[in-house]
Structures are given as structure tokens and as C-alpha cells.
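Inside the fold
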Amino acid sequence: MACFTMLLLQLLISLLLISLSHGDHCPLQLDPQRAVVRYGGSVEVTCNTSVAHKGMGWEASEGGVPMTKKQNLITWRVSELTEWDIKPFCYINPNKGAQCLIELPVTVYKTPDSVSISTVNHRGPMIEGQQYELQCDVHDVAPVQYLTVKWYKNQTRLNQTTFSDTDKTPENKTVTLLIRPDRDDNRAQYWCEAELDLGAEGPQPSPKYSSKPLSITVYYAPIIQFCRDWSPLTGTSLDSYPLNLYSVEGNPHPDISWRHKSSPVRSSMPLTRYDSGLYEIIARNDLNNVSCFMNIIVEFAPIIQFCRDWSPLTGTSLDSYPLNVYSVEGNPRPDISWRHKSSPVRSSMLLTRYDSGLYEIIARNDLNNVSCFMNIIVEYPPELNCNKSYEVKEKTPFKLPCLADGLPKPEYFLYKNGKIIQHDFYPNWNDSGLYQLTAHNQHGTSNSTFTIKILHAPIIQFCRDWSPLTGTSLDSYPLNLYSVEGNPRPDISWRHKSSPVRSSMPLTRHDSGLYEIIARNDLNNVSCFMNITVEHPPELNCNKSYEVKEKTPFKLPCLADGLPKPEYFLYKNGKIIQHDFYPNWNDSGLYQLTAHNQHGTSNSTFTIKILHAPIIQFCRDWSPLTGTSLDSYPLNVYSVEGNPHPDISWRHKSSPVRSSMLLTRYDSGLYEIIARNDLNNVSCFMNITVEYPPELNCNKSYEVKEKTLFKLPCIADGLPKPEYFLYKNGKIIQHDFYPNWNDSGLYQLTAHNQHGTSNSTFTIKILLAPIIQFCRDWSPLTGTSLDSYPLNVYSVEGNPRPDISWRHKSSPVRSSMPLTRYDSGRYEIIARNDLNNVSCFMNIIVEYPPELNCNKSYEVRNKTLFKLPCIVDGLPKPEYFLYKNGKIIQHDFYPNWNDSGLYQLTAHNQHGTSNSTFTIKILHAPVFYDSQEKFVMEEGSNITLECNTTGNPEPEVWWSFKNRNISTGGRHFNIERATSTSAGVYTCSATNKFGRNDKTFIVEIKALDYVFPNYILIVVVVFALLAVIIILVVVIWRRRKSSGHYEIGLRSEMQPLSNGSL
């Protein structure tokens, strides 16, 4: 007994020392530290330690390694890993310290079964500028938190999407992309790529799976990429214009047409040289049409239109030869070259007078060359060289002193004082002066200016009488180079009454008389006599007014003094009149008399009053408007005259008439007007025609047969005779016409003369047989009657109004009968009146709103394609919308396990909407909800593990620990008074007919810390523990006897209990 007690004491001390020895670091190392495994693939991870231990092992739902004491390196190995959420960990029981463990992060991945791309709610070509949605479906991939979906257009990445889901099992993912294609995207290939980036421990490079490319067709309006000028050869057609995919773009491919000078042109027509000009090319497709303009210049070989001799001027180049579009033709424009004396000549060379001769001109372009010959005679302008001065004796012959050289031979012109003279002449004494000689031909003129001096004795050119104005001196007598001549210039002197007179003395009106003028030079002297009469301006003095009887002579009432004797001018109203005249009655007024001589003018203004009997200036016929009085007849001071002013009176039908009386349309006739004053009276007769505006009286309606002559049904009374205008719909039409069936309507007739307008509105009804304007197919809604077919006055015409009837399948049909969905078919509509009947046929398709018939519930397996379970009947074919929780979703989809719930299917067309609500139950393998998975507790604590799972059907649940079942049926597992043997991995397993899933819980137990303050406390604790051990031995021995055999030693393995607790 003492020996046994000592053994127990040693064991107790060893356990106490182990429990007291602890640390913060777990002495384990994993290689690799993270595992990435393909689903169904193999995995191998080592766990090693460098410390002494009592056992280490791997705890895992697959490939667990039992605790071993003799190895410091153990390997967790699974040849075919099929568990998605496996959480293996390596644990160790060190010789010193508590048990510790390291969990191995394991990522189980599965590449997608398929990656596909599609368009959402669209088929066929896309329209440029509109928005479309692309959809990428990635099927059965795990885990999605490492998934990246990338969008590409051709080789350009457009977008990418990542996911934050933490579910480790395979999922289906759908990603959408909105695009707005343009024309550059036509035939572009869109594709999506699913990439699993599993990190450095994953496969390298990262697995990538791409969809098949989706090639899109984009319809877009035409664009003419270029529209450049073109130079085709004659005989080429417009079809040869270089239009290809790079010059004209459009989808669908545009049709090409041409216009020239605003008219269509056949593109197959061969072009001639005369077809050059501005052309318009039009590209047209269903979306739009565009056009552009280009110059088309039709090319042809050179043609020289004419080749005549030429006489250019020196300094002219051959480039100046008159070759233009009318003389040399060709396209491309020909190059021109020249030859002279068999040698090439530069056309830019300036010709000299020595280059005349025979030349050849050559016109050359890419198509051909032609030539012709002509004589070129180089001409040049004249040149003169003359002296500056020549002296010539009076009346000796003078000839041109210098001649000019020029081709053609020049003409000569001699000028003096700007006037041409003979160039060979006998000069007089007065021919001295400056002369200009001009030599001229067609190329130019040469001028030379020189002086000719004529030597002669004095000559007085004229010696006439002179009439100067008072105050003028004799120096002002017109003696100048042209009146007194001599070479040398003579001196001038004067004499009067035989005595010398100073020429500077001012003359008075009393100095008139005979004067002598003397001219003297070294050669001779001469003199002459003239009378000088000193003149002065006139002066007038007149009364302010004069009275004169009509037709008695009137003479100037006042005269003026002046020398020369003045002229008289009499003015009235600014116009000159004779100053001695017999005045008429209308000559009264203000007059102005003007006396004028060369030295001045004198004016006087006075009034002349003419006394005369009445005069009627005019008496013409008159056409006043009704309501006008005779006072309005245009009699004024210019039409009836008299002095004193006459009185006016009227007579009609030999009776006096008041001039203020308003005229009516019945007062027309012959009238007499009388003008009377104290001297006499006069009268005249005129016709007065009283005019009035038109009046129309028309019926409200007229009936006219179609295509029979319609004339104005009512005529207006009016003076002058009115014009007529017939209007329909605000537009003027002919008032005599042959009406068509559609000319029925409201008309307005307008009668108009200068005094007014009369309007009358009436209806013209055209009698015609029925006409059906259109007869198109019809798609009414159920319950609609044939009466609702859109027949109105614009679609079915006839007068009288036609009766409408219907036939279907050769039988009459009531037009008021509501149509059903079964009444679709071919119908005949008949329009009939008394004149004729017509009919036409159309297809009537009766449309109706959608109807849905769905079950209340459907079962669908997880991640299998769900399609609409019920089809709707409706016309037009309805659109479908599937809703869950008020949000629209795709109606064909791969449901996840959590997609069970209430769904609403909506079918819609233009006539209505049908709704059906049903439940979708997703059949799926068990799935665990999130709950605490790791517990770190002290010894003696109570622990509850919660395994929250769901599945359809409801799964079975059981618990296992260290690869042994420890409980069934419960979703909670309790650990009471946990010890170090309670540490480890607990597995909750759930299964149904669709699969099994496991969830692991890690339990770590911390040993209690003990403090020994002194030796006595240690002894007390030792004896207390000894007592506990003895009690424990007894209890274990009793349980062993009833339920099994357990060994208690240094092993710290935990054994299962039958009640599911530890």
C-alpha cells in the first residue's frame, strides 16, 4: 500500500509540473502553411516539431493522423479530397505545457464547368448608339471569393468583377455588362473570362476559362469615308469610282446612286469629255442617307484646236502663245514644249527681235502627243532719239528732225498744245512753242519732246474795241503772247487824245473814247487804234402792284439804267415769260423783273391782278360711290376760276339739285354745273354714274354630279361689275370646273369690285358611287366589333353615304357582333349605295390578353436549370417577367439552395397582364449556418456546440469526435466540466438523399494556473490531490465494471462515453 501511494504521489507531481509548464508559442511548423487543392485532387502537408512531446497528430474529417509519440514529423495526406469545407489541424502535447494546435487553411477549388456569353432580351443586329446588356454565366465554380470575371472586346479588357461570397461550395455566377456599340464595333467579338486567383500556393498561372466569343453585328447609318475629286478616262462609267468598304461605310450596306446638275445619272453610263463637272454621290440604307460632292474631270488625249502664225512682242516667252482650254484640249492637262530649227526651245525664254522663224509646238500627256507648225515673227516697239530744241525761220520748210526703229513700221504724230498737226509744214511767226513727236506701232509708243523757236518782228494780233467795267485799268486790256507777238518780246505803251496815258490808271464811265496801242522791239514797232467804252451794271425802280384787264396789252412798268443796255427778264412762279404780253384770267400773281448786263443784275418784285369772268377748267364724267354728295365733285381753284370768285350750283333733269344731297344708286344721269360772278356765268354738262359694292345671295347647299360642269350658282349685283373668286379650304380654285368625288365640301364665293367685297358660303355635295380608300389588315382586341374597323369619311367615300356590310367564310356577319379569339380569318367589307357597290378583302387577326395557368408549387434541384413551369396563351405573344421579393430576376436560371420561396410570374402584352404566384422549393444537400467554430476554454468549463443546418429534405444529424460517433439526432452537443482530454476537433455531420456536409468545431482547453505561496500550501494541495485521485480510482473502477475498460496513465487520449458527454 505504501508503495502504491508513493507511485501515485510521483504521478501527481509529474502531472502538476506538466500543467504548470506552459507558454504562448505552439512549437509546430506546417509545410506548406496553406493548402490549395483541386476538388477530387490529392493533398499532402507535413507537420513537424523540435520539442519533446507526449504525442502529436492530425485531426481532420478526411486523412486524420492518430496521435503518435515517436515522431517529430507527421504528414496529413488525402489522395482524393472531396470535402469543400475541411479544416484539418495539427496538435501536440508537449512534455512541458498544455496541448496546442495549428489549423491548416485549406482551399478546395473547382474550375467552372462552362463559361458562356449571351445578350439579354435581344436578338439579331444591334443599332448604333443604343444600349444593350451582355450576360456572362459561369457555372459550378468554387470558391467564388477567388473568382474574377473579366470582360473583353476583341483583345481589349473592358471591365472585371470580383465576389465577396464566403460560400466554399460551387456556385453559378452571372455578371452583366452594359454596352453602347458604335460602327467600329461591327463584327467585334465580346467574350468573358473566369479566372481563379488562388494565390501563391495555387496553380500557376491562375486557371482561366473563356467563353466562346460573341460576334455582334451593328447596324449604322451610311458614312462616306472619302469623297475626293476623280479624273477618269473617257468611256469610264461611274461604277468605276473607287467605292469600297473603306470609302463608303454602312450596315446594311448602302445602295449607291449619283446626281449631276440636280438630275439622276445612271452609274453604268460611259463618261464623255463633256461630262466633267460637280457630281453628288448618295449612299442610302434603311437608317439614313448621306451624300457628298466631288469634281469629276474626264481625261482624254491632247487635241490642238488651232495652230496659227504668231507675232509676239520682244520680251514675250513662248508660254504666252494663246493656248487655252479652247485651243489645246486634253485631260490630264497636256504639257507644252517647243522646237525651232530642229532644236528644243525653253518656253520661258524671252524672245528677241532676232528669234523670228518657223516653230513646232508639241502637246503631250500620258495618253498621247500631237504637234503643229507656225511662223513666229518677233515684233518690237519704236524708239525715238531727238534733240531738245530746234530754231526755224518763219515760213521756211520744217521736216521731222528724227526717225524711229520699230516692227511693224511705226506711224508718226506731231503734237502742239495737245493737238495733232502735219509733221512737214511751213511755220508762221506764231508757231513757236513746245512740240511732241510720237512714233507708234501696235506694241508701243515712243515720245520725244522738243522746242521749236520762230524768229519774227512784232505783230499785233488784234486791235478791237474794248468795253471794260468801271475801275478797270488799261493793263487789263487782253494783250498777251497770243495777241501781241514778237521775238524778242515787244514793249507795250498807250495814247488817248494824242497824249500818253498810264496803263495802270482805273477807268471811269467818263473815260470812254479812241485809244492808240504801240508794240515795239529791236526789229520794228507797230500800233493800232480801238474805241474804249467804259461800261456799268443796271439799276431798277418799280411799284409793288399793278392791275391789268384780261387780254389787254401789258408792258414793262419800269426800266433800268446800265451800259451795255440791259436785257429784261420777267418771271412768274420761277419761270421766265415774255415781258410784253396779253394776260389771261389765270395770269394773276407775283412777278419778278430782272435787268441784266454783263456787269451785273438788278431785281424788282411786284403783283399783277387779272380781272376776268368765270371759267370752268374741266367738266368730266364722274363715278362716285353711293352716299357721296355733289359737294365732293372735284371742283377747286384750279378747276373753276373767276375774279371775283364765282358761285357754284347744280341741275339734274332740268331741276335744281342741292349739292349736299347724298347720291343713291338710282341718281345716275346727266348733270349741269353752273359757275356765276358779277361779270358773267358759264355751265357744262357731265354724266354722273353712282357706283356701289357687290351683294351676293346664294343658297346654302348645291348638289352636283361627279365630273359634270359646275358653274357659279349665284351672281352678284354691283357697279363696277364685280370679279368672282371661288375658294375651298382657303385656296382659290376655278369657279367653272368638273368636280371629282372628293370635291364635296364647304366652298366660299367672293364677289369684289373697287368699292367692296361680298362673301357667301355654301356646301357642294358631289354625288358618287362608293370608293374604299384603303383596306388593310386589322388586329383588334377580343370583344371588339367590326363596327370599330377604322372606316371614316376619308377611308370609305360615297354620296349618298354607303351602307357597310361584312362577310366571313362566304357568309354575312353582323358588324356589331363582338369578336372572339376564334374569329380570326379573311373578311370581305362591302360598301353600297344607290349608284353602285364595291368591296375589298383583309385579314383580321383577333388579339387577346395573356392567361397564365400555373401550379401552386414546384420542386427544383439545386443548381439545375429552372425554366418557366407554365406557358401563357396570348396574342401578340406575351413577354415574361419573374419576380422574387418584389425584384425582377431571370426566368431561366440555376437556383441556389437558398432560392426557395414565393415567386410571381407576370405575362404581358399590349392588351393586358396576367399574374400567377407559386412556391419554388429547392431540393439540396445539407448546408450549415454560421456559428462559433472555435472555443478556447479553461478546464472545468461547460461548452455547448451548436450545429445549425438546413436541407431539403430535412437532413439527419450526428456528432463525431476523433473519427468516432459520439451522438445522433441532436443539433447541440454539450461538454460538461471540460478537461484536457476534451480538446480536439468535433465534427457535426448532416445528410439527406442529395448529399452530406460536415462542420468542424475546434475546442482548446487551457490548464489552470497554480500559485504556491509556500511549502505548506504545496503539501496541502498534494494531499488534497491524492485524495481526489483515490476517489477517482474508485469511481472509474465502478464504471469499468459496468460499461467497459479504461486505462488511466500518461496517455491523454479521450475515450467516448455512451451518453454523448465527456
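Here is a short report on the structure shown in this document. Per-chain numbering applies: the sequence of each chain, read as written, is numbered from 1 onward. Residue-level local features of this predicted model are given only where pLDDT is at least 70; pairs of side-chain atoms are given and counted only at 80 or more, and the full residue set underlies all totals for whole chains, interfaces and linings. To get the side-chain values, take all heavy atoms of the structure and skip hydrogens and water.

This brings us to the pattern of salt bridges. Any carboxyl oxygen of Asp or Glu within 4 Å of a side-chain nitrogen of Lys or Arg constitutes a salt bridge here. For the structure shown, the criterion picks out 20 salt bridges. Note that aspartate 873 and arginine 821 form a salt bridge whose closest N and O atoms lie 2.9 Å from each other. Note that aspartate 873 is positioned in strand β69 (residues 873-875) and arginine 821 in the loop between β64 (811-813) and β65 (825-832), a separation of 52 residues in sequence. Residue classification places arginine 821 among the partly exposed positions, given a relative accessible area of 24%. Among the salt bridges present, the one from lysine 999 reaches glutamate 933, with a minimum N-O distance of 3.9 Å. In this pair, lysine 999 sits in strand β81 (residues 995-1006) while glutamate 933 sits in the loop between β73 (912-928) and β74 (934-938), placing the two residues 66 residues apart along the sequence. Each residue is placed in one exposure class: buried if its accessible area under a 1.4 Å probe, protein chains only, is under 20% of its type's maximum, exposed if it is over 50%, and partly exposed if it falls in between. Its relative accessible area of 23% is what places glutamate 933 among the partly exposed residues. Put simply, Lys87, Glu933 and Lys999 are held in one network by salt bridges that share partners. A run of H or I in DSSP becomes a helix once it reaches four residues, and a run of E becomes a strand once it reaches two; helices and strands are each numbered from the N terminus.

Here the rule is simple: two strands pair whenever DSSP picks up at least two bridges between them. Strand order in this open sheet of four strands is β5-β4-β7-β8, and the pairing throughout is antiparallel. Two strands lie at the open edges of the sheet, namely β5 (65-68) and β8 (100-103), each paired on one side alone. Strand-to-strand twist in this sheet, taken as the mean axis angle between neighbours without regard to direction, amounts to 10°. The pairing of strand β7 (residues 89-94) with β8 spans four bridges and is antiparallel. When the sheet's bridge partners are listed, isoleucine 92 is paired in β8 with cysteine 100. Where helices are involved, their axes are fitted lines through C-alpha atoms of the stretch in contact, as for all axes, and angles between N-to-C directions lie from 0 to 180°.

What follows covers the nonpolar core. Joining through side-chain atoms within 4.5 Å is the link that ties buried Ala, Val, Leu, Ile, Met, Phe, Trp, Tyr and Cys residues into a set, and such a set is a nonpolar core. Counting 28 residues, the largest nonpolar core has Val138, Leu147, Val149 and Trp151 as the members making the most contacts within it. At the level of elements, β10 (114-119), β12 (132-141), β13 (147-153), β15 (171-179), β16 (189-196) and β19 (218-224) are the ones that each hand at least two residues to this core. A per-element tally of this core places β12 first, with five residues. Any pair of residues with heavy atoms lying within 4.5 Å of one another is described as a contacting pair. Those residues within four positions of valine 138 in sequence are excluded, and the remaining contacts are Pro112, Ser114, Val115, Leu147, Val149, Glu171, Asn172, Lys173 and Ala194. Leu28, Leu104, Val106 and Ala142 belong to the second largest nonpolar core, which has 25 residues in total.

What follows covers the state of the cysteines. Disulfides are defined as cysteine sulfur pairs within 2.5 Å. Evaluated as defined, the whole model comprises 13 disulfides. Paired by a disulfide, cysteine 136 and cysteine 192 hold their sulfur atoms 2.1 Å apart. Around the S-S axis, the bridge from cysteine 136 to cysteine 192 shows a dihedral of about 80° and counts as right-handed. Pair noted here: cysteine 136 is in strand β12 and cysteine 192 is in strand β16, with a separation of 56 residues, a long-range link. Neither cysteine 136 nor cysteine 192 differs from the other in exposure class; each is buried. Covalent S-S linkage joins cysteine 542 and cysteine 558, the inter-sulfur distance amounting to 1.6 Å. Here the S-S torsion is close to 80°, and the disulfide linking cysteine 542 with cysteine 558 is therefore right-handed. Here the residue cysteine 542 occupies a position in the loop between β43 (536-539) and β44 (545-549), and cysteine 558 occupies one in the loop between β44 and β45 (561-563), the gap between them amounting to 16 residues.

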